[in-house]
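Structure at a glance
Each chain, letter by letter, is given below.
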Amino acid sequence: IIDFYEEWRQDSNPWLECYKEGKGIFETQFAYYSLGFILLYLIGNYIKKIHQAAVEKAANDENAPPPNPRSLTALIASRPTVLAGSFHSIATAVIAVGILIFRHLAGNSWDYRGIDLIKVWQTVGLPISVSYFIMDCFFYCLPRKDLIIFVHHVIMCFCHYPVGHDSGSTILGLGDKEWITWLSIMGYTSEVSTAFMNYRWYLLNSLEENWIGFGVVNVLVVAGFGGRVVMFSYLLIWEIFPRAPMYIDQRQLFTYAMMVFGHVGIGMLSLYWCIVMCKGGLKSLFVFQKKTQSTTLRQGFSFADVARGDDAPKMNGEKGAASKKNK
């Protein structure tokens, strides 16, 4: 394995080729989208600051009503990263699924009415995703010390970056850039379940009573994460494992190992989140139960909070407001 790695490092590899031959196109798009995500994070933090000010005012002024903890502003304030996260999941899911649909309509061709679908993925889909993952590490994972999400983001960036240019994807796919691009896009269809997960979080913290749509969304979320596990298992068993001899023959064992590790890692994380969501039993999946909320900010947030259906993080000031009411 050491010999394979040394040769892989000294000669060439997908990551190096993508960087050298890409002429900065991917990196330029990455910079543009990163600025957009930074703006979304700043907006989320600004809303949080405004909401905290309103809470503090209500706590100190008996004539000022406390803010509604189930309002959209309060929910964004409790989870400032939700704007960037929701945009990423919706955008990448729409692009990935859209490319697969257009490819099917074009008779499994990557050219749809003069549009190069591979280039769309390389210049739009992937730069959006990589920029989000890196920005989320700085704005969420590291400040909150969320190791699981940090590992997820690192795996995604490392495994998908070479697909950003033909030179990298050609080596990564052993000459078959179309197959490796398809593999990358298939993996990103899993973002559909993340988009539904964010909507589920919104329903959990905004509904006042049970709604049939809540059960429907829950079923879609669980089915989505269960589908992730099935999909990554399929990709490993029927698409990746059979190509092992080819990668060994071409002395790209380290590249192959990273590919396997990425799919196994994301598949295991998806299984973990699916199990967490199902811990409450069938009743919790189909029936909404309103939880007691306050306005006291709970420090920190994790993906598991969304999966378990925990209350929205609380905002400071509840005690003061309650005391005024009692008086």
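Provided above is the structure to which this section pertains.
Residues numbered from 1 in each chain as written. Predicted model: local features only at pLDDT ≥ 70, side-chain atom pairs only at ≥ 80, totals over all residues. Heavy atoms only, no water.

Focus: the overall build of the protein chain
Looking only at helices and strands, the protein chain features 16 helices and 2 strands. The burial tally for the protein chain puts 50% of its 327 residues in the buried class. Counting contacts in the protein chain only where the partners sit at least 6 residues apart, residues at least 24 apart contribute 73% of the total. With an accessible surface of roughly 16,300 Å², the protein chain has 64% of that area assigned to carbon and sulfur atoms. (Helix = DSSP H or I, 4+ residues; strand = E, 2+ residues; numbered from the N terminus. Buried < 20%, exposed > 50% of the residue type's maximum accessible area, 1.4 Å probe, protein only. Contact = heavy atoms within 4.5 Å. Areas by Shrake-Rupley, 256 points an atom, 1.4 Å probe, with all protein chains shown as cover.)

Considering the nonpolar core
The biggest cluster of nonpolar side chains holds 64 residues, and the ones touching the most others in it are Trp121, Leu183 and Met259. For this core, the element with the most residues is helix H6 (residues 117–144), which contributes 11 residues. Residue contacts for tryptophan 121: discarding those within four places in its chain leaves Thr92, Ile95, Ala96, Ile99, Leu126, Pro127, Val163, Thr181, Ser184, Ile185 and Tyr188. By size, the runner-up hydrophobic cluster in this structure holds 5 residues, among which are Leu75, Ile76, Val82 and Trp201. (Core = buried A, V, L, I, M, F, W, Y, C linked by side-chain atoms within 4.5 Å.)

Considering helix H9 (residues 177–188)
Each α-helix winds once per 3.6 residues, and so residues spaced three or four apart point in a common direction. With 12 residues, H9 ought to run about 16 Å at 1.5 Å a step, and its terminal C-alpha atoms sit 17 Å apart, in line with that. With 10 of 12 residues buried, H9 lies mostly within the body of the structure. Where H9 is concerned, the buried positions are Trp179, Ile180, Thr181, Trp182, Leu183, Ser184, Ile185, Met186, Gly187 and Tyr188. (Expected span 1.5 Å × (residues − 1).)

Re the environment of alanine 93
Within the secondary structure layout, alanine 93 lies in helix H5 (residues 82–105). For the pair formed by alanine 93 and threonine 194, sequence separation is 101 residues and the distance between their alpha carbons is 9.0 Å. Every residue in contact with alanine 93, bar those within four places of it in the chain, is listed here: Gly98, Tyr188, Glu191 and Val192.

Re the pattern of salt bridges
Counting across every chain of the model gives 4 salt bridges. The residue aspartate 166 makes a salt bridge to lysine 119 at a minimum N-O spacing of 3.6 Å. Here lysine 119 lies in helix H6 and aspartate 166 lies in helix H8 (residues 166–172), a separation of 47 residues in the sequence. Of the charged contacts in the structure, one is a salt bridge between aspartate 166 and lysine 177, with a shortest N-O distance of 3.0 Å. Of this pair, aspartate 166 sits in helix H8 while lysine 177 sits in helix H9, and the two are 11 residues apart along the sequence. In the salt-bridge network here, residues are joined through shared partners; they are Lys119, Asp166 and Lys177. (Salt bridge = Lys/Arg side-chain N within 4 Å of Asp/Glu carboxyl O.)

Here we look at unusual backbone geometry
Positioned with a positive phi, arginine 113 is a non-glycine residue whose angle comes to about 50°. Mapped onto the secondary structure, arginine 113 falls in the loop between strand S1 (111–112) and strand S2 (115–116). Within the chain, leucine 174 stands out as a residue other than glycine whose phi angle is a positive 55°. Within the fold, leucine 174 resides in the loop between H8 and H9. Judged by relative accessible area, which is 23%, leucine 174 ranks as partly exposed.

Notes on the state of the cysteines
With the rule as written, the count across this model stands at 0 disulfides. Not engaged in a disulfide, the cysteine cysteine 274 finds its nearest cysteine sulfur in cysteine 278; these two sulfurs lie 4.6 Å apart. Using a relative accessible area of 34% as the deciding quantity, one classes cysteine 278 as partly exposed. (Disulfide = S-S within 2.5 Å.)

Looking at the packing of aromatic side chains
A full pass over the atoms with the stated rule returns 12 aromatic pairs. Measuring from ring centre to ring centre gives 5.3 Å for phenylalanine 26 and tyrosine 161, while their planes differ by 80°; the resulting arrangement is edge-to-face. Residue phenylalanine 26 is located in helix H3 (residues 25–60), and its partner tyrosine 161 is located in the loop between helix H7 (147–160) and H8; the two are separated by 135 residues in the primary sequence. Residue classification places phenylalanine 26 among the buried residues on the basis of a relative accessible area of 6%. Within the aromatic cluster, the residues linked to one another by ring pairs are Phe37, Phe87, Tyr132 and Phe133. In this structure, arginine 79 is placed above the aromatic ring of tryptophan 201, and the distance from its NZ or CZ to the ring centre is 4.8 Å. (Phe/Tyr/Trp six-rings, centres within 6.5 Å; stacked < 30°, edge-to-face > 60°. Lys NZ or Arg CZ within 6 Å of the ring centre and 35° of its normal.)

Describing the side chain of threonine 81
Residue position: threonine 81 is located in the loop between helix H4 (72–78) and H5. Residue class for threonine 81 comes out buried when judged on its relative accessible area of 15%. With residues up to four places along the chain from it excluded, the contact list for threonine 81 reads Tyr41, Asp136 and Tyr140.

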